[in-house]
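Secondary and tertiary structure notes
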Amino acid sequence: MKYVLVTGGVVSGLGKGITASSVGVLLQSCGLRVTCIKIDPYLNYDAGTISPYEHGEVFVLDDGSEVDLDLGNYERFLDTTLTRDNNITYGKIQRYVMEKERKGDYLGETVQIVPHVTDTIREWVERVAMIPVDGKEGPPDVCIIELGGTIGDNESRPFADALSQLSYSVGRENFCLIHVTLVPVLSVVGEQALEENVKAKLSRFCYVPIQNIFSLCDVPNIWHIPLLLKEQKAHEAISKVLNLSGIAKEPSLEKWASMVEISDGLNVPVRIAIVGKYTDLSDAYLSVLKALLHASVAFHKKLEVDMVPSCDLEKTKKQEDSRAYEAAWKLLKDANGVLLPGGFGDRGVEGMILAAKYARENNIPFLGICLGMQIAVIEFARSLLCLPDANSTEFEPETKHPCIIFMPEGSITHMGGTMRLGSRRAYFHDKESKSARLYGNKEFVDERHRHRYEVNPDMVASLEQAGLSFAAKDETGERMEIVELPSHPFFIGAQFHPEYKSRPGKVSPLFLGLIAASCGELDAVLNPVSIHQHNQTMFLEKKQHIATSATFITIDLILSS
């Protein structure tokens, strides 16, 4: 097993996850099988209970684990399916060690950070590195490990020690360290690559060969990063460190380069308004943004996204700050399509309901995800069933008309890991629905979920009688999965999160439908073969691009900004 460790310095948020993902793409292009591990040194057991404002969105895997958003980057870049063990937290390590201690597995020893915690970390990494994530049999060739946070943080020290032990135990020819750091440009000259004299200085003070220092400037699209690494021949450095000559073939990134070229050349805009609760931080909706990008590129449109704070659409905001209120409504009304993402809590919910109402009444293409789907049902009940107090018991526990209710199997005492999580099957009940046609007329689809509230089964009949259609349900037929308004050009809500499985070249059908409908071209994708055809357009090889791969070397990758 070959290991590539990606660490970061100076500040957090430099792009270690994108770097790790890009290195993985480059290694894959050399014919190597790649897996990834993300280490988060915090004490939380997983990311499930962490606010989006702390670390961005919570990404959900097929097995129901709630993990750091970087695992979403890995899956999207490498087209893999990861598991809960691919995300290590100090909370997981601590629980594992303490459970062993309670069972007496340490045979009376004094349990300490070194060796017991560090050994557990190292053994975890070695075990998970051998598990295939690409659907093939046999272990991967390379495991890329990203150590979250910044080197020198107190909380990351046990992990740094454990990884140092790993590098010693596997040998230098099997372990490559990439360190990502910040090189600021102080003068107002714009973004630029590292000059040779700067590289020479870094090499001299960091004891890193100058040919092993690479520059990654800010780019408008992160798909450029694998190409930037390749152009600087980073693959030659990694190949030398990991002794990959004879194992890795000549890299090929023509399809990736073609996708980047197509994306960069788009000029016909499609504008989508994301109306949500966490719009101050775009990473809170990272997978939604990426899924929109995948769909827009596949449909050959230039994506423009407006983040609309749902609170600013509410009438109370008009009294508090009329400018913010008017600005929010202008963004909504200028959009070609509206997307309501997931979320928790009652803040901003009335604004989301107003956005759903506006999209429904004005025939604006609409996609509601998780909470967004529930909002669409609430708005429909208020407007079409004449139930002005219709609500979710999440927001109004004593409502007389509960459209959305707490799922009976959920926990009312524990928050972490108690939702309906992971891949679940949704069966289409309306074969002529837009969603069924977008999914290629399949009998069912498997999508990832993350919710603890659901549509009230007791209200389904009255909602359907008023014109709402529940196009897909779970295996029992009692849990609503997809809702549509047949009389509307495109008005769809999904209880699941289709964004989690969207990939470049494997576009989510519902996101492609939203983009197509927002361009007035929905009919172009409403047939079984159209999704495949649009996915293929992302990889049209317009011309030959440089084809070398990336990999890394002993210590330094430089990000300049």
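Cut-off values and rules
- Residue numbers here run from 1 along each chain, matching the order of that chain's written sequence.
- Local features in a predicted model are, by the rule used here, given only for residues with pLDDT of at least 70; side-chain atom pairs are given and counted only at 80 or more, and totals for whole chains, interfaces and linings are based on all residues.
- As a convention, hydrogens and water are excluded, and side-chain values are obtained from all of the structure's heavy atoms.
- Nonpolar core, defined: a set of buried Ala, Val, Leu, Ile, Met, Phe, Trp, Tyr and Cys residues in which side-chain atoms within 4.5 Å join the residues together.
- We call a residue buried when its accessible area falls under 20% of the maximum for its residue type, exposed when it is over 50%, and partly exposed in between, using a 1.4 Å probe and counting protein chains only.
- Strands are runs of DSSP state E lasting at least two residues, helices are runs of H or I lasting at least four, and both sets are numbered from the N terminus onward.
- Reported domain spans reflect what an automatic or database domain assignment gives.
- Contacts between residues were defined by any pair of non-hydrogen atoms, one from each residue, lying within 4.5 Å.
- The pairing criterion is simple: DSSP has to find at least two bridges between the two strands.
- Each axis is a line fitted through C-alpha atoms, taken for helices only over the stretch in contact, and angles between the N-to-C directions span 0 to 180 degrees.
- Seen with the strands pointing away from the viewer, any crossover whose path from the first strand over the helix to the second strand runs clockwise is right-handed.

**Topic: the nonpolar core**
Counting 51 residues, the largest nonpolar core has Leu27, Ile144, Ile178, Trp223 and Trp256 as its most contacted members. Ranked by residues supplied to this core, first place goes to helix 1 (residues 16-29) with six residues. Both of domain 1 (2-182 + 214-260) and domain 3 (266-537) provide at least three residues apiece to this core. What Ile144 contacts, discounting residues up to four positions off in sequence, is Val4, Val6, Ala20, Val23, Gly24, Leu27, Val34, Thr35, Cys36 and Ile37. Counting residues in each nonpolar core, the second largest holds 44 residues, with Ala335, Val377, Ile404 and Phe470 among its members.

**Things to note about the sheet that holds strand 13 (residues 391-392)**
In a beta sheet, neighbouring strands pair by backbone hydrogen bonds and run either parallel or antiparallel. Overall, mixed pairing links the three strands, which are arranged 13-14-17 in an open sheet. If you trace the sheet from one side to the other, it starts and ends with strand 13 and strand 17 (453-455), each paired once. With three bridges connecting them, strand 14 (residues 402-406) and strand 17 associate as antiparallel partners. Within strand 17, the position partnered with Ile405 by the bridge is Glu454. Together, strand 13, strand 14 and strand 17 form the strand contacts of helix 15 (residues 371-384), whose direction differs from that of strand 14 by roughly 145°.

**Let's talk about the sheet that holds strand 12 (residues 366-369)**
If you walk across this open sheet you meet the nine strands as 10-9-11-12-20-19-18-15-16, and the pairing is mixed. Edge positions in the sheet fall to strand 10 (302-309) and strand 16 (444-451), since each has one partner strand and no second. Sheet twist, expressed as the average angle between the axes of neighbouring strands with direction ignored, equals 25°. Relative to strand 12, strand 11 (residues 337-340) runs parallel, the two sharing three bridges. Looking at the pairing, Leu340 lines up with Gly368 of strand 12. Along the sheet, helix 11 (residues 286-298) contacts strand 9 (269-276), strand 10, strand 11 and strand 12; its crossing angle with strand 10, the most-contacted strand, is approximately 150°.

**Quick look at the domain arrangement of the protein chain**
Taken as a whole, the protein chain is organised into domain 1 (2-182 + 214-260), domain 2 (183-212) and domain 3 (266-537). With centres defined by C-alpha atoms, the gap from domain 2 to domain 3 works out at 46 Å.

**Examining the pairing of strand 10**
With eight bridges connecting them, strand 9 and strand 10 associate as parallel partners. Directly across from Pro269, in strand 10, lies its bridge partner Lys302. Crossover connection from strand 9 via helix 11 to parallel strand 10: handedness right-handed.

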